[in-house]
Amino acid sequence: MNDIIQKKTNLLKLISDPSRYRILELIISSNGRLCVGDIADNSKNSPSAVSHQLAKLETAGIIMPIRKGQQVCYVLQSNEDTELILKILKTLSNKKIYK
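About the thresholds
- Residues numbered from 1 in each chain as written.
- Predicted model: local features only at pLDDT ≥ 70, side-chain atom pairs only at ≥ 80, totals over all residues.
- Heavy atoms only, no water.
- Core = buried A, V, L, I, M, F, W, Y, C linked by side-chain atoms within 4.5 Å.
- Buried < 20%, exposed > 50% of the residue type's maximum accessible area, 1.4 Å probe, protein only.
- Helix = DSSP H or I, 4+ residues; strand = E, 2+ residues; numbered from the N terminus.
- Contact = heavy atoms within 4.5 Å.
- Arc of directions from axis to C-beta.
- Disulfide = S-S within 2.5 Å.
- Axes fitted to C-alpha atoms, helices over the stretch in contact; angles between N-to-C directions.
- Parallel < 35°, antiparallel > 145°, perpendicular 65-115°, else oblique.
- Left-handed = near helix turned anticlockwise from the far one by under 90°.
- Salt bridge = Lys/Arg side-chain N within 4 Å of Asp/Glu carboxyl O.

Caption draft 1: Representation of the nonpolar core. L24, I27, I39, L54 and I63 are the most contacted members of the largest nonpolar core, which totals 22 residues. Among the secondary structure elements, those contributing two or more residues to this core are α1 (3-16), α2 (18-29), α3 (36-43), α4 (47-59) and α5 (80-92). Among all residues touching I39, those that are not within four sequence positions of it are I23, L26, I27, L34, V50 and L54.

Encoded structure:
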């Protein structure tokens, strides 16, 4: 299979999970930066469940951690894959929270 097609389908699989989709929406709506505790509170998931999903997004290069004292916050990476995901989420959303 073509590597580009495989990469794009992997991105679609990544955001097809409702928890990861919600996490991305939360990070985007907070100007691209949000801490794990805030994500857990707003997504109604445990911090460990959120951390598990954040790890998948980080491995895919969509987000990256920023340490803020003892807190870990996540920001969107600036790359082609993140831009594609932003376009997809914007298309699927009725909210005007995206760039």
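Still to come is the rest of the account.
Caption draft 2: Geometry of α3. Restricting attention to buried positions, one finds in α3 the residues V36, I39, A40 and S43. In an axial view of α3, the angular spread of the buried residues amounts to 100°, which keeps them on one side of the axis. Just beyond α3, the residue with positive phi is K44, at close to 60°.

Caption draft 3: Layout of the state of the cysteines. One pass over the structure, following the stated rule, counts 1 disulfide. A disulfide bridge connects C35 with C73, and the sulfur atoms are separated by 1.8 Å. With C35 in strand β1 (residues 33-35) and C73 in strand β3 (residues 71-76), this residue pair connects regions lying 38 residues apart in the sequence. No difference in accessibility class separates C35 from C73, as the two residues are buried.

Caption draft 4: Expanded view of the packing of α2 against α3. It is at 10 Å that the axes of α2 and α3 come closest, and there the two elements cross at 120°. As the angle between them shows, α2 and α3 are arranged oblique. When the axes of α2 and α3 are compared, the crossing they make is right-handed. Facing R22, I23, L26 and I27 of α2, the residues of α3 in contact are I39, N42 and S43.

Caption draft 5: Representation of the pattern of salt bridges. Inspection of the entire model under this criterion finds 4 salt bridges. The salt bridge involving K8 is made with D81; its shortest N-O contact spans 3.4 Å. With a gap of 73 residues between them, K8 in helix α1 and D81 in helix α5 connect regions that are remote in the sequence. Across the salt bridge formed by E25 and R22, the nearest N and O atoms sit 3.7 Å from each other. In this pair, E25 and R22 both sit in helix α2, 3 residues apart, roughly one turn of the helix.

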